[in-house]
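Coordinate inspection notes
Take a look at the letters that make up each chain.
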Amino acid sequence: MNMIAAVDSNWAIGYQGNLLVRIPLDQQFFREMTTGKVIVMGRKTLATFPNGLPLANRINVILSKNKWFKVKGAVCVHSVEDALEYLKQYKKEDIFIIGGESIYRQFLPYCDTVHLTKIDYEYKADSYFPNLSEDPEWEMTAESDEQTYFDVEYYFQKYERKY
């Protein structure tokens, strides 16, 4: 399975339920990577989408502890185990974990590839992605040239689990 996220220099991913910054090329990268694929997210991440609706042209899997939580156009599961059971029908390389913080932490043990947009800036934040550069199980295997969006520098990075 894959994860995809945009993180700042402290591995932060959000503040008060929102992304830290919106970078058009990062959003394009996200669309290219996930269109036609399966995306797994928490209920709070879904709420940040336009009108709180699932993303088009993807299979949306929402993890919520609330057993009554339902979303038109999405599959709702209530535990990591339920999600993993549902996801068995898809190829691992077609599954992307897209957040938020608790979802990333719960699914990290099941993933072998992480696609990051690493932003060279420190934002005010209250949610974080696991710091893979300090995790001996992970190594960065690819990094783009420096990208810029106005005065923000960022890189596309790929981390893979060491086996």
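Attention in this report is confined to the structure presented alongside it. Within each chain, residue numbers correspond to sequence positions counted from 1 in written order. This being a predicted model, a pLDDT of at least 70 is required before a residue's local features are given, and a value of 80 or more before pairs of side-chain atoms are given or counted; all residues contribute to the totals for chains, interfaces and linings. Values reported for side chains reflect all heavy atoms of the structure, with hydrogen atoms and water molecules removed beforehand.

Here the focus is the sheet that holds strand 3 (residues 18–19). Strand pairing follows a simple DSSP-based rule, namely that at least 2 bridges must link the two strands. What counts as a helix is a DSSP run of H or I of at least four residues, what counts as a strand is a run of E of at least two, and both are numbered from the N terminus. Strand order in the open sheet formed by three strands is 3-2-9, with antiparallel pairing between adjacent strands. Strand pairing shows two members of the sheet lacking a second neighbour, strand 3 and strand 9 (127–128), which therefore form its edges. Across two bridges, strand 2 (residues 12–15) lies against strand 3 in antiparallel orientation. Bridge assignment links Tyr15 to a residue of strand 3, and that residue is Asn18.

A contiguous patch of negative charge on the surface is contributed by Asp120, Glu143, Asp145, Glu146, Asp151 and Glu153. Examined against the element boundaries, Asp145 turns out to sit in the loop between strand 10 (138–143) and strand 11 (147–149). The patch calculation keeps residues exceeding 30% relative accessible area without a salt bridge and links them within 9 Å when they carry like charges or within 5 Å when they are nonpolar (Val, Leu, Ile, Met, Phe, Trp, Tyr). In these tables, accessible area is a Shrake-Rupley quantity obtained with a 1.4 Å probe, and a residue counts as shielded only by the protein chains included in the view. Salt bridge, as used here: a side-chain nitrogen of Lys or Arg that lies within 4 Å of a carboxyl oxygen of Asp or Glu. For the purpose of counting charges, residues Lys and Arg are taken to be positive, whereas Asp and Glu are taken to be negative. His and the chain ends are not included. A single reference atom marks each charge: NZ on Lys, CZ on Arg, CG on Asp, CD on Glu.

Grouped together as the largest cluster of nonpolar side chains are 27 residues, with contacts concentrated most on Met3, Ile97, Phe107, Val114, Leu116, Phe129 and Leu132. Those elements that provide at least two residues to this core are strand 1 (2–7), strand 4 (38–42), strand 5 (59–63), helix 3 (80–87), strand 7 (95–99), helix 4 (101–107) and strand 8 (113–119). If sequence neighbours within four positions are ignored, Met3 has contacts with Ile97, Ile103, Tyr104, Phe107, Leu108, Cys111, Thr113, Val114, His115 and Phe129. Ile23, Ile62, Ile98 and Phe156 belong to the second-largest nonpolar core, a separate cluster that totals 22 residues. Within this scheme, the nonpolar core is defined by two criteria: the residues are buried Ala, Val, Leu, Ile, Met, Phe, Trp, Tyr or Cys, and they are joined through side-chain atoms within 4.5 Å. Each residue's exposure class comes from its accessible area (1.4 Å probe, protein chains only) as a fraction of the maximum for that residue type: buried when under 20%, exposed when over 50%, partly exposed otherwise. The contact definition used throughout considers only heavy atoms, calling two residues in contact when any of these lie within 4.5 Å.

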